[in-house]
Amino acid sequence: MFNIDQIVKALQTDKNAQRTAMTGAAGLAAGMLLSGGGLGKLAGNAVKIGAVAAVGGLAYKAWQNHQQNQAGAATAQPSEDAFIPAPSDQHGQEELGKSLVRAMIAAAKADGRIDADEKEAIFAKLEGMSLSADEKAWVFDELSSPLDINAVVARADTPEHAAEIYAASLIAITADTASERAYLDALASKLKLPPALIAEIHKTAGEKAPEPAQAPPAPWAYTPSGSNV
């Protein structure tokens with residue numbers, strides 16, 4: 001089984017480049033709220049509850065708040081299992097973990113933050129970790145492949161997973177440049193997430209509400225892909 005938590009930890013290379021979000025992320029597996037900050041703090045939270053549970057908790061809490069704020073909406077709340085697979089569901093944990101890590105890497109690529117030096121630093125950390133050859137190769141491929149937003153979106157097989165993919169993308173970047181905001185705008189549109197839910201995800205992550213990007217659409221917004229790997 002892929003060690004998603006170790007892979008997320010390997011992505012934490014430059015502390016100065018890390019952001020200060022996830023202040024309200026819910027750690028459902030621990031039964032408590034956790035404060036954090038970007039990939040660095042997410043890696044720390046992963047030691048306690050796991051990266052999938054940390055991101056899933058953030059999306060779950062935002063979804064609950066979104067439902068409660070909808071006038072006339074049904075009071076039924078989503079199931080935790082829809083966001084965080086049971087510990088016994090190793091396949092579900094692995095597949096969701098891969099989807100979230102892929103989303104994080106893609107978001108970081110959107111602003112060119114993963115350059116050659118950053119890749120080298122990540123590769124060096126991976127080599128020093130107790131990961132299998134398959135796990136290392138998977139991360140190498142994700143880091144080296146061109147940014148393809150459609151491949152990220154293709155992993156959203158449920159609305160709940162779509163919310164988690166957006167949440168993972170948000171906590172991976174600072175969202176303070178036009179290119180990053182344009183990427184998140186395009187991602188939200190392709191994931192078909194309501195603007196009110198997007199706003200709740202930002203709020204739960206301790207981020208300001210999303211703003212329209214004042215920049216021309218980037219090429220990746222139109223990259224055709226049928227990939228779902």
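For the structure, see preceding data.
For clarity, every value in this text was computed on a predicted model and none was experimentally measured.

K.L.:
Please provide a residue-by-residue account of the pattern of salt bridges, values included.
P.N.:
Under the defined criterion, the tally for this structure stands at four salt bridges. Close ionic contact of Glu142 with Arg102 constitutes a salt bridge, the shortest N to O distance being 2.6 Å. Linking Glu142 in helix 6 (residues 133–144) with Arg102 in helix 4 (residues 90–110), this pair joins segments that are 40 residues apart in sequence. Accessibility assignment for this pair places Glu142 and Arg102 in one class, buried. Between Glu127 and Lys136 there is a salt bridge, with its nearest N and O atoms 3.6 Å apart. Classification of Glu127 by relative accessible area gives partly exposed; the value is 49%.

K.L.:
Outline the nonpolar core, listing residues and values.
P.N.:
Judged by nonpolar contacts, the single largest core of 61 residues is most densely connected at Val101, Tyr166, Tyr183, Leu187, Leu191 and Ile201. For this core, the element with the most residues is helix 4, which contributes 10 residues.

K.L.:
Could you give me a rundown of the environment of Ala116, with the residues and numbers involved?
P.N.:
Within the secondary structure layout, Ala116 lies in helix 5 (residues 116–127). Here Ala116 falls in the exposed class, since its relative accessible area comes to 54%.

The rules behind the values
The residue numbering used here restarts from 1 in each chain and proceeds along that chain's sequence as written. In keeping with the predicted nature of the model, local features appear solely for residues at pLDDT of at least 70, side-chain atom pairs appear and are counted solely at 80 or more, and the whole-chain, interface and lining totals rest on all residues. Think of the side-chain values as coming from all heavy atoms in the structure, minus any hydrogens and water. Any carboxyl oxygen of Asp or Glu that lies within 4 Å of a side-chain nitrogen of Lys or Arg is treated as forming a salt bridge with it. A run of H or I in DSSP becomes a helix once it reaches four residues, and a run of E becomes a strand once it reaches two; helices and strands are each numbered from the N terminus. Only protein chains enter the calculation, and the probe is 1.4 Å; a residue is then buried if its accessible area is under 20% of its type maximum, exposed if over 50%, and partly exposed in between. Here, nonpolar core refers to any group of buried Ala, Val, Leu, Ile, Met, Phe, Trp, Tyr and Cys residues whose side-chain atoms link them within 4.5 Å.

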